[in-house]
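# Fold and geometry: a report
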Amino acid sequence: MNILFGIPKVVIINKMINAFVYVIFYALLYLIGRGIIIFAEDILKIPNISNHKINGFPIRILNPVIALFYIGHLVLISNFFTTGVNNIVYILSLIPLFFNLRKAQIREFNLSISFVRILSLIILSVSSNTISFHQDAASYHLNNQLYIRTEKVVLGLGNVYMRYGYSSLSEYINSFFWFDNNFILLHFVNLVFVSIFYFFLIWCLLESNNFKYQLISVSILIYGLLDNFGIEGGRNGFIDIDTIGKQDNSFAILFFITNFFIVQKLIEKKTLVKRDILFILFLILFSAEIRFFGLVSIFGLLLLIRKDLKIILSKTTLFYFSIGCVWIFKNYLITSCLIYPLTFTCLPSPWFNSYSSNWQSDELRLFHAAYDILHESPITWLFRWNERYLNYYVGINLVVSVILIYFFLSLLIKSKKRFFVSNLNSYFYVTLLLLLWAVSAPSIRFGIGIFLILVMTICLKFDEFRSVRASIAFSNTFLKHTLLFAVIISTPLIRNYSPENYSFKLKVISPPQIEYVLQDNTWGYGVKVIEDPRKELGFCWLNKECTPPPNFIITEKTLLSYRVMILEK
């Protein structure tokens, strides 16, 4: 038969090819991350790190994240001296695989949980069927990666196009995964973070014996389920799968996991474990390098260690500090700012351009309706923020979702008395995160990680079932699996599941071929407009010498064999 369950077999085979490649991709990253941990344990003599658990959570689940951090920094360091992606970088990225041979046995293997995880990977890979480029990929992400891949760091690159100044670590990671003219692996990089998010919830829900972790997982999954209902058909600030060229959800997931551990540490009030703090510091560094807002997690870390600052003094901290300095130095070379576009972090240089950082900072706050805390009341700001329809309907869906979750938990579970009073630090910290988001760039997509932390926080005060029936229902494995897969299946867009006649090959995602025209009064090329100037002028796709408007007069010079881009005054 050529039909299986009403779906053409060729469709199933094609989807399975995408799924197979993604599972292999994920497995390779897992083994690279595992090899790095084994290297740290056996060669650097950091004892028992491969089996370390932070708040009971096994860090081995985050091995693919460790691998991406490693690969991104290989490309970054290489880019100071030569092209960011080259044969040496490829070889160094694969070396950790061989350290797995030192410890070939995989401990704590659970067949049923492994099946759940692999099935989750397969379901998420379905998103490959209709994935496309985000407009920011056409505007600057792909060109930024092209610079990284083809030449060493360009001093003042942010002068060519202001958005090159952001230069997230995701640009260095993604530049490594270009595959001929197919950018499907860049989509898989985004999927890795989404997979890690669900693996985190799977561990909390199905593997952990901690009632509080199970409750958090259930609450977040209910939040994810409610994402499919409400105004405009749903969307309440839950995670999504980014189109190629965006890293909003990747950042949100890293930010959530980082602050999950921070809030848990603030609540449990136990003696701090040095290795836990160092691992949190690693997550903060990684999230900050993807989006500098991740630095706000430092406030949570300071709340944790305020009585024992010496706990972060170690060789590992020095290593993280060195990596951070390399990252900041890269920022300086590209923009003359330590953290772009924060103008107060900018330092003098031949390529310094105060207009760029000032304009980008003001534009971000204006576009995202940032809260002017010194000249605006919270109510006035909220009304202004709601003028953008996306904020309005997602905000309402979010508030309704939180209320429904709280009401549901209140029906089933009793709450602790005086929990709020005894955990002021954690509530203060979550409030601080919301405030910092509001005063910086309060876009819905920038707040996803904070919304997840908010959902987590509201369920922490519940600790005892009101009835035996509620306890039995909560512990029902079938109900847990049903809730879990209902949310995972709804994560890719529904149209990904529609049967279509695909050919027997991996999904190919390539940028379009467009025409360019030499600009008369400015540096480089522009886009040849065919239909709509409002849409086409900003999309350079793949041409390093093409710059979207606004265009400036650029002077190119050389400094010790490095290209220097200087903006004409």
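The model shown is predicted, which means the values in this text are computed figures rather than measured ones.

### Some details on the nonpolar core
Core analysis: the biggest nonpolar cluster contains 173 residues, and Phe177, Phe197, Tyr198, Phe256, Phe261 and Phe286 have the highest contact counts within it. The dominant element in this core, judged by the number of residues it contributes, is helix 8 (residues 184-207), at 19 residues. Excluding anything up to four places from it in sequence, Phe197 contacts Ile220, Phe238, Ile239, Ile253, Phe256 and Leu452.

### Points about the layout of surface pockets
Each pocket or cavity is described by its volume, and for the second largest pocket that value is around 910 Å³. Together, 30 residues line the second largest pocket, and Ile36, Ala40, Leu44, Phe319 and Tyr320 are the ones closest to its centre. Among the secondary structure elements, those contributing two or more residues to the lining of the second largest pocket are helix 1 (9-42), helix 2 (63-79), helix 3 (87-99), helix 11 (274-290) and helix 13 (315-335). Take the lining of the second largest pocket: its biggest share by element is six residues, from helix 2. Of the residues in the lining of the second largest pocket, the class split is 23 nonpolar, five polar and two charged.

### Points about helix 9 (residues 211-226)
Counted at 1.5 Å a residue, the expected span for helix 9 with its 16 residues is 22 Å, and the 22 Å between its end C-alpha atoms agrees. Structurally, the start of helix 9 carries an N-cap: the backbone nitrogen of Lys212 is 2.8 Å from a side-chain oxygen of Asn210.

### Some details on the environment of Phe367
With respect to the helices, strands and loops of the structure, Phe367 is situated in helix 14 (residues 354-367). Judged by relative accessible area, which is 47%, Phe367 ranks as partly exposed. Taking C-alpha positions, Phe367 is 9.8 Å from Arg388, a pair spaced 21 residues apart along the chain.

### Points about the packing of helix 8 against helix 21 (residues 477-490)
At a minimum axis separation of 11 Å, helix 8 and helix 21 run at an interaxial angle of 170 degrees. Judged by the inter-axis angle, helix 8 sits roughly antiparallel to helix 21. Residue-level contacts link Tyr198, Ile202, Leu205 and Leu206 of helix 8 to Lys480, His481, Leu484, Val487 and Ile488 of helix 21. Per-class residue counts for the contact of helix 8 with helix 21 are seven nonpolar, one polar and one charged.

### A short note on the confidence of the model for the protein chain
Residues of the protein chain with pLDDT of at least 70 account for 95%, and the chain-wide mean is 89. Under a pLDDT of 50 for its full length, residues 1-13 has, in the predicted model, 18 contacts with residues more than four places off or in other chains.

### Re the side chain of Glu151
Mapped onto the secondary structure, Glu151 falls in the loop between helix 5 (135-150) and helix 6 (157-160). Within polar-contact distance, the side chain of Glu151 engages the side chain of Arg563 at 3.0 Å. Excluding anything up to four places from it in sequence, Glu151 contacts Asn79, Thr82, Thr83, Gly84, Lys544 and Arg563.

### Quick look at helix 8
An α-helical turn contains 3.6 residues, so any two residues separated by three or four positions project in the same direction. Helix length check: helix 8 (24 residues) gives 32 Å between terminal C-alpha atoms against 34 Å at 1.5 Å per residue, within 8%. In terms of residue burial, helix 8 counts as a mostly covered element, since 22 of its 24 residues are buried.

### As for the pairing of strand 9 (residues 554-559)
Relative to strand 10 (residues 562-567), strand 9 runs antiparallel, the two sharing six bridges. Bridge assignment links Thr558 to a residue of strand 10, and that residue is Arg563. Following strand 9, the chain reverses through two residues before pairing antiparallel with strand 10; Leu560 in that reversal takes a positive phi of roughly 50 degrees.

### Some details on the packing of aromatic side chains
Counting across every chain of the model gives 52 aromatic pairs. On the numbers, 5.8 Å between centres and 70 degrees between planes, the contact of Tyr147 with Tyr164 is edge-to-face. Within this pair, whereas Tyr147 is found in helix 5, its partner Tyr164 is found in the loop between helix 6 and helix 7 (169-176), the two being separated by 17 residues in sequence. If you follow Lys461 out to its NZ or CZ, it ends over the ring of Phe462, 5.2 Å from the centre.

### Topic: unusual backbone geometry
Cis rather than trans, the peptide bond between Tyr340 and Pro341 has omega equal to 5 degrees. Structurally, Pro341 can be placed in the loop between helix 13 and helix 14. One non-glycine residue with positive phi stands out, namely Ser336, at about 75 degrees. Residue placement: Ser336 occurs in the loop between helix 13 and helix 14. For Leu560, which is not a glycine, the phi torsion comes out positive at approximately 50 degrees. The topology assignment puts Leu560 in the loop between strand 9 and strand 10.

### Some thoughts on a nonpolar patch on the surface
Taken together, Ile88, Ile91, Leu92 and Ile95 make up a surface patch of nonpolar side chains, about 360 Å² in accessible area. With respect to the element layout, Leu92 can be found in helix 3.

### Side note on the state of the cysteines
Evaluated as defined, the whole model comprises two disulfides. Here Cys337 engages in a disulfide with Cys346; their sulfurs sit 1.9 Å apart. Of note, the bridge from Cys337 to Cys346 carries an S-S torsion of about 75 degrees and is right-handed in sense. Each member of the pair, Cys337 together with Cys346, is buried. A sulfur-sulfur distance of 2.0 Å marks the disulfide that ties Cys540 to Cys546. Measuring the twist about the S-S bond at about -65 degrees, one finds the Cys540-Cys546 disulfide to be left-handed. Look at Cys540 and you get buried, because its relative accessible area is 0%. For Cys546, a relative accessible area of 0% translates into the label buried. Across the protein chain, the disulfide pattern expressed with sequentially numbered bonded cysteines is 1-2, 3-4.

### Re the pattern of salt bridges
Oppositely charged side chains may form a pair once their charged atoms are brought near each other. Enumeration according to the criterion identifies 13 salt bridges in this entry. The salt bridge involving Arg563 is made with Glu151; its shortest N-O contact spans 3.0 Å. Of the two residues, Arg563 is situated in strand 10 and Glu151 in the loop between helix 5 and helix 6; the sequence distance between them amounts to 412 residues. Classification of Glu151 by relative accessible area gives buried; the value is 13%. Residues Glu268 and Lys265 are paired through a salt bridge, measuring 3.4 Å at the closest nitrogen-oxygen approach. Within this pair, Glu268 and its partner Lys265 are both found in helix 10 (residues 248-268), separated by three residues, close to a single helical turn. Classification of Glu268 as partly exposed rests on a relative accessible area of 27%. Residue class for Lys265 comes out buried when judged on its relative accessible area of 6%. Salt bridges here are not isolated pairs; linked through shared partners, they connect Glu151, Lys544, Glu556 and Arg563.

The rules behind these values
- Residues numbered from 1 in each chain as written.
- Predicted model: local features only at pLDDT ≥ 70, side-chain atom pairs only at ≥ 80, totals over all residues.
- Heavy atoms only, no water.
- Core = buried A, V, L, I, M, F, W, Y, C linked by side-chain atoms within 4.5 Å.
- Buried < 20%, exposed > 50% of the residue type's maximum accessible area, 1.4 Å probe, protein only.
- Helix = DSSP H or I, 4+ residues; strand = E, 2+ residues; numbered from the N terminus.
- Contact = heavy atoms within 4.5 Å.
- 1 Å grid on protein atoms, 1.4 Å probe; cavity = no way out; pocket = protein on both sides within 12 Å on 5 of 7 lines; lining within 4 Å.
- Points joined across faces, edges and corners; volume = space filled by probe spheres on them.
- Nonpolar A, V, L, I, M, F, W, Y, C, P; charged D, E, K, R; others polar.
- Expected span 1.5 Å × (residues − 1).
- Polar contact = N/O pair within 3.5 Å; in protein donor to acceptor, adjacent residues only side chain to side chain.
- Axes fitted to C-alpha atoms, helices over the stretch in contact; angles between N-to-C directions.
- Parallel < 35°, antiparallel > 145°, perpendicular 65-115°, else oblique.
- pLDDT = per-residue confidence, 0-100.
- Pairing = 2+ DSSP bridges.
- Phe/Tyr/Trp six-rings, centres within 6.5 Å; stacked < 30°, edge-to-face > 60°.
- Lys NZ or Arg CZ within 6 Å of the ring centre and 35° of its normal.
- Patch = residues over 30% accessible without salt bridge, like charges linked within 9 Å, V, L, I, M, F, W, Y side chains within 5 Å.
- Areas by Shrake-Rupley, 256 points an atom, 1.4 Å probe, with all protein chains shown as cover.
- Salt bridge = Lys/Arg side-chain N within 4 Å of Asp/Glu carboxyl O.
- Disulfide = S-S within 2.5 Å.

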